[in-house]
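Coordinates in review
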Amino acid sequence: MIERVNPPELGEPRGFSNAVVGTGTVVFLAGQTALNREGVIVGETVVEQFEKALSNLLASLAAAGGTPADLASLTVYIVDMDDYKANGREIGRVWKRLMGTDYPAMAGIGVSRLWDVEALVEVQGMAVLPSA
């Protein structure tokens, strides 16, 4: 069970929740980039790579028995923050298509590069699955 908590004194969050309270089994999800099955980064743009990276993360979550609604926390590592922000609407559309309208507790962190030099974005998260 997950409850999203957004205290009114912090203002209305957009694209994230301020806190998430969960009861159940915690799943730690490794950072995922836009790697395909062959281990090659796919996608030329940050939007394409975000979609693949989030899809990879959700595949790991599904394999652990979870759904997008179980995602409690997500960190997005971003090589070019200006490019990411400039494409925010498109990234938001990808999010809604893959995740719906609920948001986990989130952070976006600018980095100089990721493990694979071609990677523009990486996502890492934690989920809370309902108790059996």
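To be clear, the structure that these remarks concern was listed above.
Predicted, not measured: the structure shown is a model, and the values here were computed from it. (Residues numbered from 1 in each chain as written. Predicted model: local features only at pLDDT ≥ 70, side-chain atom pairs only at ≥ 80, totals over all residues. Heavy atoms only, no water.)

Things to note about the sheet that holds strand 5 (residues 105–110)
Backbone-to-backbone hydrogen bonds pair the strands of a sheet. The strands run either parallel or antiparallel. The test is simple: For two strands to be treated as a pair, DSSP must find at least two bridges joining them. Helix and strand assignments follow DSSP, with helices taken as H or I runs no shorter than four residues and strands as E runs no shorter than two, numbered in order from the N terminus. Only the contacting stretch of a helix is used when fitting its axis, a line to C-alpha atoms as for every element, and angles between N-to-C directions run 0 to 180 degrees. Every residue pair with non-hydrogen atoms within 4.5 Å of one another is taken to be in contact.
Pairing within the open sheet is mixed, and its four strands lie in the order 3-6-4-5. The open sheet has two edge strands, strand 3 (25–32) and strand 5, and neither has a second partner. Each strand axis lies, on average, 10 degrees off the axis of its neighbour in the sheet, ignoring direction. The sheet contact formed by strand 4 (residues 71–78) and strand 5 spans six bridges and is parallel. In the sheet register, isoleucine 78 faces strand 5, and the bridge partner there is glycine 110. The strands that helix 1 (residues 46–63) touches are strand 3, strand 4 and strand 6 (121–129); relative to strand 6, the one it contacts most, it runs at about 30 degrees.

Considering the pattern of salt bridges
The criterion, for reference: Within this document, salt bridges are pairs made up of a side-chain nitrogen of Lys or Arg and a carboxyl oxygen of Asp or Glu, the two lying within 4 Å of each other. Exposure is judged per residue with a 1.4 Å probe applied to protein chains only, and the accessible area is read against the type maximum: over 50% gives exposed, under 20% gives buried, and values in between give partly exposed.
Summed over the entire model, instances satisfying the criterion amount to one salt bridge. Across the pair glutamate 51 and arginine 97 runs a salt bridge, and its minimum N-O distance is 2.9 Å. You can see glutamate 51 sitting in helix 1 and its partner arginine 97 sitting in helix 3 (residues 88–99), a full 46 residues away along the chain. On the accessibility criterion, glutamate 51 (27% relative accessible area) is partly exposed. Arginine 97 sits in the exposed class, given a relative accessible area of 53%.

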